[in-house]
Amino acid sequence: MSSMPRYSVFSLARNALSGHRDWGEAWRSPEPKPAYDVVIVGAGGHGLATAYYLAKNHGLANVAVLEKGWLGGGNTGRNTTIIRSNYLQDPSIRIYELARSLYEDLSQELDFNVMFSPRGVMMLCQTEHELRAFRRTAHANRIAGLDCRMIAPAEVKRIVPIINDDADARYPILGAYWQPRGGTGRHDAVAWGYARAADARGVDIIQNCEVTGIARDGNRVTGLDTTRGHIRTRKIAVVVAGNSSLLMAMAGLRMPIESLCLQALVSEPIKPVLDCVIMANTVHGYISQSDKGELVIGGGTDPYNNYSQRGTFPSIQHTVTALVETFPIISRLRMLRMWGGVVDMTGDRSPIIGKTDVEGLYVNCGWGTGGFKSIPGSGFVFADTIANDRPHPIAEPFGLNRFLEGRFIDESVAAAVAH
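Reading the values: rules and limits
- Residues numbered from 1 in each chain as written.
- Predicted model: local features only at pLDDT ≥ 70, side-chain atom pairs only at ≥ 80, totals over all residues.
- Heavy atoms only, no water.
- Helix = DSSP H or I, 4+ residues; strand = E, 2+ residues; numbered from the N terminus.
- Rg over C-alpha atoms; globule rule 2.2 N^0.38 Å.
- Buried < 20%, exposed > 50% of the residue type's maximum accessible area, 1.4 Å probe, protein only.
- Contact = heavy atoms within 4.5 Å.
- Salt bridge = Lys/Arg side-chain N within 4 Å of Asp/Glu carboxyl O.
- Patch = residues over 30% accessible without salt bridge, like charges linked within 9 Å, V, L, I, M, F, W, Y side chains within 5 Å.
- Areas by Shrake-Rupley, 256 points an atom, 1.4 Å probe, with all protein chains shown as cover.
- Core = buried A, V, L, I, M, F, W, Y, C linked by side-chain atoms within 4.5 Å.
- Pairing = 2+ DSSP bridges.
- Axes fitted to C-alpha atoms, helices over the stretch in contact; angles between N-to-C directions.

Caption draft 1: Examining the overall build of the protein chain more closely. The number of helices and strands found in the protein chain is 11 helices and 19 strands. The C-alpha radius of gyration of the protein chain comes to 22 Å, within 12% of the 22 Å expected for a compact globule of 419 residues. The buried share of the protein chain, taken over its 419 residues, is 57%. Considering only contacts in the protein chain between residues 6 or more positions apart, those separated by 24 or more positions represent 76%.

As structure tokens, then:
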């Protein structure tokens, strides 16, 4: 176990005296060992959180996290950082609310500022059908004890002065569903914080180490072939988002997911005009403003399967054109940059967390476009599942067997614009 220096105003002042030349590395870059108790494939937020909770909650330090590229370079670094828990189904509410509650104190726990900002998340109702659907969600969330409520058009306008609330608008504002403790975080900081804390507890984070095969002895995994040599292990946890089907195929398993590109963009920075997250599902878009002043804009996934991490103009045009109807002032802004990420979608738009039919092989995937908001909760329950070789109670409904048994957790509506 390595020592992790505390980040504080005192360490900042002390290192300022040396021109900040004496800061140590945030985490090590070790060579892979011949064998580990657990190997996690994927050094995104979910994989790193799983490693941290394995070490912290279950005392498993002989753990490796393998990443084919760089830490946090996949979807963790390519999302729009929305954090909320106002889903419809009880299993979804439990895991997303666990994640949201863990985000509240994550900066203190990891000693790393993840910049969690509970600025509020607003789900606009712009059709009568949408208004009825969110009232149904409001009832489910109230029964579950969530702090969420329906708000009238006047309150929507008070919270978001730039919104077009004209009664004759193409997409009128009929109300909204409001979660005041939802918000945003800093995607990179979440990955870095978990990486630093996991490394301090003895976890090896090995970058530029691509898995090329999964070795089995009958129905049990025995190790992995990688570009940096063979690694023996009796427990493999696959947490690689859009590449899950490719990795699981190496073990002879076919996954019920499809991979799609999700795109987003940011505008040029402007003065503060928006202090909450707004999701406009009817027009298929969402918007928030970053601390740097950029408007963060996104929508739904591409309509076809692909593994591209590049944005395309038609998709961005569709999203921006729709949002201009609701927020006319954004028509004057220039786009600063755009990007894409590969997301993994299940048929019921809910994740897969748990064991597989292959002994020692675990999988965490299918988060679609809701992966960032779930990172702490996902890592917490997945680590417990791996350590105890049985599903955590919160993760149990999300097992692979639900597709065989018809126990779908349908979140196609609550997932809204697919996040």
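Caption draft 2: Region of interest: the pattern of salt bridges. Applying the stated criterion across every chain yields a total of 22 salt bridges. The salt bridge partner of Arg28 is Asp204, with a shortest N-O separation of 3.0 Å. With Arg28 in the loop between helix 1 (9–16) and strand 1 (38–41) and Asp204 in strand 8 (residues 204–206), this pair connects stretches of sequence that are 176 residues apart. Take Asp204: its relative accessible area is 6%, and that puts it in the buried class. Three or more residues joined by partner-sharing salt bridges are found here, namely Glu97, Arg100, Glu104 and Arg181.

Caption draft 3: Layout of the environment of Gly45. Relative to the helices and strands, Gly45 is located in helix 2 (residues 45–58). The exposure class of Gly45 is buried, given its relative accessible area of 0%. Spatially, the C-alpha atom of Gly45 lies 17 Å from that of Gln108, the residues being 63 residues apart in sequence. Beyond its immediate sequence surroundings of up to four residues, Gly45 is in contact with Thr76 and Ile375.

Caption draft 4: Structural view of a nonpolar patch on the surface. A surface patch of nonpolar side chains, about 270 Å² in accessible area, is lined by Tyr7, Leu12 and Trp23. Checked against the element boundaries, Trp23 lands in the loop between helix 1 and strand 1.

Caption draft 5: Geometry of the nonpolar core. Formed by 50 residues in total, the largest nonpolar core has its most connected members in Ile40, Leu48 and Tyr194. When contributions to this core are tallied by element, the ones reaching two or more residues are strand 1, helix 2, strand 2 (63–66), helix 3 (90–104), helix 4 (106–110), helix 7 (187–200) and helix 10 (371–388). Excluding residues within four positions of it along the chain, Tyr194 makes contact with Leu48, Ala49, Tyr52, Tyr53, Leu106, Leu110, Ile375 and Pro376.

Caption draft 6: Examining the sheet that holds strand 16 (residues 295–305) more closely. Strand order in the open sheet made by the 8 strands is 5-6-4-14-15-16-13-17, with mixed pairing throughout. Each having just a single partner strand, strand 5 (149–151) and strand 17 (335–346) make up the two edges of the open sheet. The mean angle between the axes of side-by-side strands here comes to 25°, regardless of whether they run parallel or antiparallel. Judged from the 5 bridges that link them, strand 4 (residues 121–125) and strand 6 (residues 175–179) form a sheet pairing that is antiparallel. Opposite Cys125, over in strand 6, you have Gly175 as the bridge partner.

Caption draft 7: Region of interest: the pairing of strand 11 (residues 229–232). Note: strand 10 (residues 220–226) against strand 11, 4 bridges, orientation antiparallel. In the strand pairing of strand 11, Thr226 is matched with Gly229.

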